[in-house]
Amino acid sequence: MDAAGILQILIYIAVITALTPLLGGYMAKVYEGQARFLGPAERGLYKVCGVDPAREQHWTGYALSLLAFNLAGWALLFGIQRLQGMLPLNPAEMAAVPPDLAFNAAVSFMTNTNWQSYGGESTLSYLTQMIGLTVQNFVSAATGMAVVVALIRGFARTNAHTVGNFYVDLVRSTVYILLPLSFVAALFLVWQGVPQNFDSYSAAATLEGANQVIAQGPVASQVAIKQLGSNGGGFFNVNSSHPFENPTPLSNIIEMTFLLMLAAALTNTFGRMVKDQRQGWAIFAAMGLMLIVGLGVTYWSETNANPAMVVAGMDGTHGNMEGKEVRFGIANSTIWATATSAASNGSVNSMHDSFMPLGGLVPMVNMLLGEVIFGGVGAGLYGMLIMVIVAVFIAGLMVGRTPEYLGKKIEAKEVKLAMLAILIFPVGVLGLGAASLLGAPGAIQDAGPHGLSEVLYGFASATGNNGSAFAGWTANTLLNNTLLGIAMLLGRFVVIIPALAIAGAVAAKKAVPPSAGTFPTHGGLFVVLLMGVILVVGGLTFFPVLALGPIVEHLMLGAGTLF
Amino acid sequence: MSIHRPKELSLFDGAILGQAAKDAVVKVDPRQLIRNPVMFATGLVAVLSTALTIRDAGGEHFAVMVQISAWLWFTVLFANFAEAIAEGRGKAQAAALRGTKSSAMAKKVASVDARDPQVLPAETLKAGDLVVCEAGDVIPSDGDVIAGIATVDESAITGESAPVIRESGGDRSAVTGGTRVVSDRIVVQITTNPGESFLDRMIALVEGAKRQKTPNEIALTILLVGMSLIFLIVVGTLPAWASYSGTAIPMVFLIALFVTLIPTTIGGLLSAIGIAGMDRLVKFNVISKSGRSVEAAGDIDVLLLDKTGTITLGARQASEFIPLSNVNERDLAEAAFLSSLADETPEGKSIVALAKSRFGLTEPKSGSTMTFIPFSAHTRMSGVDANGTEIRKGASDSIAAYVAEKSGRTPDWQGQSSVMIGGVPKELVQAVERVGKAGGTPLVVARDGRLLGVIHLKDIIKPGIRERFATLRAMGIKTVMVTGDNPLTAAAIAAEAGVDDFLAEATPEKKLDLIRETQKGGRLVAMCGDGSNDAPALAQADVGVAMNTGTQAAREAGNMVDLDSDPTKLIEIVMIGKQLLMSRGSLTTFSIANDVAKYFAILPALFLASYPQLQALNLMNLASPQSAILSAIIFNALIIVALIPLALKGVEYKPASAEKLLRRNLLIYGVGGLVVPFIGIKVIDVLIAALGLA
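Residues numbered from 1 in each chain as written. Chains lettered and ligands numbered in written order. Predicted model: local features only at pLDDT ≥ 70, side-chain atom pairs only at ≥ 80, totals over all residues. Heavy atoms only, no water.

### Details of the overall build of chain B
Counted only if it meets this: Numbered from the N terminus, helices here are DSSP runs of H or I no shorter than four residues, and strands are runs of E no shorter than two. Each radius of gyration is computed over the set of C-alpha atoms, and the globule rule expresses the reference value as 2.2 Å times the number of residues to the power 0.38. Burial classes follow relative accessibility: with a 1.4 Å probe on protein chains only, a residue under 20% of its type's maximum area counts as buried, one over 50% as exposed, and anything between as partly exposed.
The helix and strand tally for chain B stands at 22 helices and 22 strands. In terms of overall size, chain B is more extended than a compact globule, its C-alpha atoms giving a radius of gyration of 34 Å where 694 residues would be expected to give roughly 26 Å. Projected onto its principal axes, the C-alpha positions of chain B cover 115 × 65 × 50 Å. Looking at chain B as a whole, 55% of its 694 residues are labelled buried.

Laid out in structure tokens, this is it:
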């Protein structure tokens, strides 16, 4: 650990914190219909789609619209992949994607996961990448934002029947937030050297005299939204460690900022929309503190070299550089790994599989805690608000009052829905992961605890809709593609539907004005309690498998055993 | 004020414990156990564990398996035992209540005028039946007096020994089953069907059998079931994950892990906490129609309190003599003193006391000729004729009329001059106004037709009530005083008593409107009342406490009845409601926090064979894997027993802000829940190792 590294981490945190109220305030204006500068585009879309923006929906209507829209998006993406061989913009002449892989990829991009069982440059045509994946990158992020906005409205409204109009929230998220930011970001990346073309792959002779095929394509436009929309699906297989995705230190810091800023800013949007910004900052603080702890552990862990290397007589002063881009080094790899796993993004600029056991534990824990440390755009906040319901329920009982949050009483119905959403995590990670472990043990590259971590990471990533991979595990098999697809669907929609149901339930309630008997949810004690609930629920659920994976690996490393 | 019946049971009464031990076994019946999902799950795995133990008789882990199975059964039994104790204590309370109503015979009549009553058991009476009750009869069931007047001994219900009057019409018509008519004869119309009277409902609540789960209890049960399902998935998938490293975990160890992880502590104590809450209410002589309303009491934001009897003492007290400028204060005091000597009202007595203490006046020697004039509704004055002088005291207008008549002038209410207003000295009018503004009642004194001055009768705020309101404010509860006084007087008393707000010139309609208005703002309102005209407000309030002395209509409208008819008890009711929720929340936190230590005990034990390095997680340095698992499961069972007293008494509740309460309870039950099992499991492990059990 050195001063420069710590300084870079602090700058990163400061930038995210400073952007939060700015972007948060802008998004609040967008969702409250006060941003109108793209009015013609917005109204045009409503007209084309036959949407009446003034007609609000009950939560069930909102959920049905959302599911229908996502199903259509999935079908379109599945179709494009299967037919890409016959479609234009295919200079590398990619064949149709096999059905199980196409299913997996379509689910993956629809659910904002961007798990990639395939290598982009070796499987997909430009058309598939652009019309298929990139469109889903936008609308899956906008879907998550729409859900959280509906949930926020639920808390902000009283005695209300409706939670908003899904199509309006979807269009506004896309037109006012994601498209303009991505446009600027893509231009910035092109300036930094990221390609944006439809050329076929170039052939080059290397200095050693070998022949190399250099992949390229419309990269910048996809990288911009994959970072902003917490998608994470790279244009290239090695994602943002590829020099064409992430060419310079400047592009690196900007991409890392894009990765977290919208999820962080949504906490402020939430605070503004419920008319108490402190509520948003409290959630920001809980998320931020957990992120900082993760950053600290990973950074510390990676700056210490593998003890086996030191024993073998190698220089350990540069820390664990295995699997890291020398252009970025340990501090920037640490920030990216921690942020991408916290934000449910899943893009990488280093190989998490090669991290030290504790360094690899942090991204895993970030995902296993439910992707609520900022989390996916929208998804992180609605996931967090579900944890808040559990936290205030326990707190409310402990102060002798029917629990309430933002004036809304938290009763059996809300607790039931919150527990349903929380339950889906162990089902997806432990249940489906166990099925893969038993059904396809051959897909695992390494023996012992490290091999177990590879599977655990995969299912944590899929259920958490993160999309990053630990590598070292063959996901592209019929069984794994299917199981991961199911995990992604469960982790997405069995959280979204309870979240919307909660929105509907709390919207219909009257608000209880706060008094000295009400537990304040904007103070330090609440932040501590919320983090405690998240750590205890996640910890109790995953401690046994973590003990069998990274924890025992760490202990064995101390004893000189490697995997 | 009431005398509470001495029914404080010791926490572990021998007879109750014995019965509870028997009931604990009976409650293993799955049909009863299913009411408690966590314990039902524990019961199921106990069966499974027992079956496996029998199958593997003589096997490698047999001795440990036998012990694990036994402790699983103990876990279920201990939870049942906790519930049975709470029920036993409730039944003891209920028996006291029920004793008053068993075997009563009713004299049923066809109509009010019917002469020949039909004698039948009280249990057969239905709502609408008429019964005659004469001196010595026990009133067979709750009802309304529709004819006659009688004195009734209600000590069986209220503990108050003085009989009370019950008569038809008006606000004192309700009678309670189990009370005894002392004199006269009344005809009572029964208002409840068999099994539906207040007593029946309360008995059902404390006995637990028919107890309905309250809303928060349901929500908490869902949380506990959710946690249990998570642990089911965790434990159920663990063999698959462990198989990757070639570890085989004996089934019975998995069962042990599952039971120690699921929230058995709170699951086992949940219904005991609920029953004990009802029990505490009964101890305060309050009967509730449902557990729901007790829980709602904990959420109350606004308390409506009647001024008289709740905030102030029923009677006013003389606090000051205000003489007119040409009158000596001592003269005024003496006149007031003499005129009040025979006045037996609290006000009269207080005037005498004040005069004695201010001027050392003594009662005149016997023999002096004194004729006391008692207060009459006609003259609205009282006084004394002594040794030829005439002293009168009363309301200002009646004394003014008296003075005018004495001096031969008719009072000219319209006329005004610089010193006189309406025939009364301006000075007097000002004094009267000053007293009124201060929240007092002015009493004007005159001697021989000459005005002397004013006695200030003050509403006396009950001692300690100001502090109670401060406490309520700290808890976030707003108090509103309801009074028939004018706004000026009301404001003065409100300020003195320290209530947050007041409703002056209150009528039942105004009261109802206030409740509705407050509820519209999302707040929960509690109030108490006794008259029939309070019934709509009682029904509208979230918690309506009817006074036992009140009408049947009021008692039906409210959701609680205070047998002592003490309106200040609302405050205790609120605290009982809060304590109930806090006990549940705190023990839930404790229960879940315990899991951390249990993981550190059991996980290294399960995987030690494959990964000796996991010994590093054996923070407690437990003797052997078998001993570790056994210690955890024994701790898990014993902690239920250890916490029974806490569940029955409820966690300590000191009124404070929510933030302070949470910090305190998180420290005690959260941090305590983390630390205690580390110590407990270690101690049990040492004992097991010493006894050679594993």
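The rest of the description comes next.
### A word on the nonpolar core
The cut-off we apply is this: In this text, buried Ala, Val, Leu, Ile, Met, Phe, Trp, Tyr and Cys residues form a nonpolar core when linked through side-chain atoms within 4.5 Å. A contact between two residues is defined here by any heavy atoms of the two lying within 4.5 Å.
Ranked by internal contacts, the top residues of the largest apolar core, which has 311 residues, are A:Tyr405, B:Ile68, B:Trp241 and B:Leu606. Beyond its immediate chain neighbours, meaning those up to four positions away, B:Leu606 contacts B:Leu238, B:Thr247, B:Ile249, B:Phe253, B:Leu257 and B:Ile629. B:Ala336, B:Tyr402, B:Leu452 and B:Ile455 belong to the second largest nonpolar core, which has 38 residues in total.

### Here we look at the pairing of strand β1 (residues 105-109) of chain B
Residues and elements named next belong to chain B. The cut-off we apply is this: Between any two strands, at least two bridges found by DSSP are needed for them to pair.
Here β1 runs beside strand β2 (residues 118-121); their pairing, made up of four bridges, is antiparallel. Residue pairing in the sheet places Lys108 in a bridge with Gln118 of β2. As paired strands, β1 and strand β3 (residues 130-134) are joined by three bridges and run antiparallel to one another. Across the sheet, residue Lys108 finds its bridge partner in β3, namely Val131.

### A word on the side chain of B:Ser586
Within the secondary structure, B:Ser586 sits in helix α20 (residues 569-607). A residue is classified by how much of its surface remains accessible, and B:Ser586, at 0% relative accessible area, is buried.

### Some remarks on the interface of chain A and chain B
Condition: Buried area, as used here, totals the accessible surface that two parts lose on assembly, with accessibility defined by a 1.4 Å probe and the loss added over both. What makes a salt bridge here is a side-chain nitrogen of Lys or Arg within 4 Å of a carboxyl oxygen of Asp or Glu, nothing more. Whenever a nitrogen or oxygen atom comes within 3.5 Å of another N or O atom, the pair is scored as a polar contact, on the condition that within protein one atom can donate a hydrogen and the other can accept it, and that pairs from neighbouring residues in sequence are kept only if both atoms are in side chains.
Facing the 62 residues of chain A at the interface are 59 residues of chain B. Summed over both sides, the interface of chain A with chain B buries roughly 5300 Å², with 77% coming from carbon and sulfur. Summed over the shared surface of chain A and chain B, the result is one salt bridge. A:Arg401 is the salt-bridge partner of B:Asp301, the closest N and O atoms lying 2.9 Å from each other. Between the two partners, chain A and chain B, sit nine residue pairs in polar contact (both at pLDDT 80 or more). Secondary-structure elements contributing two or more residues to the side of chain A that touches chain B are α14 (379-398), α15 (412-439), α16 (448-463) and α18 (524-558) of chain A.

### Quick look at the environment of A:Val537
All names here are of chain A. Here Val537 lies in helix α18. A C-alpha to C-alpha distance of 9.4 Å links Val537 and Met387, two positions 150 residues apart in sequence. If sequence neighbours within four positions are ignored, Val537 has contacts with Met387 and Ile422.

### Quick notes on unusual backbone geometry
Residues and elements named next belong to chain A. Phi at Asn114 is positive, roughly 60 degrees, even though this residue is not glycine. Examined against the element boundaries, Asn114 turns out to sit in the loop between α4 (99-110) and α5 (120-123). Residue class for Asn114 comes out buried when judged on its relative accessible area of 0%. The backbone of Glu371 shows a phi angle near 55 degrees, a positive value even though the residue is not glycine.

### As for the packing of helix α3 (residues 59-83) of chain A against helix α7 (residues 166-192) of chain A
All names here are of chain A. In plain terms, the rule: Lines fitted to the C-alpha atoms define the axes, with helices restricted to the stretch that makes contact. Angles between their N-to-C directions range from 0 to 180 degrees. In these notes the angle categories are as follows: under 35 degrees is roughly parallel, over 145 is roughly antiparallel, 65 to 115 is roughly perpendicular, and the rest is oblique.
Their axes nearest at 9 Å, the elements α3 and α7 cross at an angle of 55 degrees. Taken as axis vectors, α3 and α7 run oblique relative to one another. Of α7, the residues touching α3 (which contributes Tyr62, Ser65, Leu66 and Phe69) are Phe166, Tyr167, Asp169 and Leu170.

### Considerations on the pattern of salt bridges
Any two side chains of opposite charge can pair, given that their charged atoms come close. All names here are of chain A. Applying the stated criterion across every chain yields a total of 37 salt bridges over all chains. Of the charged contacts in the structure, one is a salt bridge between Glu302 and Lys324, with a shortest N-O distance of 2.7 Å. Of this pair, Glu302 sits in helix α10 (residues 277-303) while Lys324 sits in the loop between α11 (307-311) and α12 (329-342), and the two are 22 residues apart along the sequence. On the basis of relative accessible area, Glu302 is assigned to the buried category, the value being 0%.

### Topic: the environment of B:Val327
Residue and element names in this part refer to chain B. Summarising the element assignment, Val327 is placed in the loop between β10 (312-323) and α11 (329-340). Residue class for Val327 comes out buried when judged on its relative accessible area of 9%. Between the alpha carbons of Val327 and Gly453 there is a distance of 7.7 Å; along the sequence they are 126 residues apart. Not counting residues within four places of it along the chain, the set of residues in contact with Val327 comprises Leu332, Arg450, Leu451 and Leu452.

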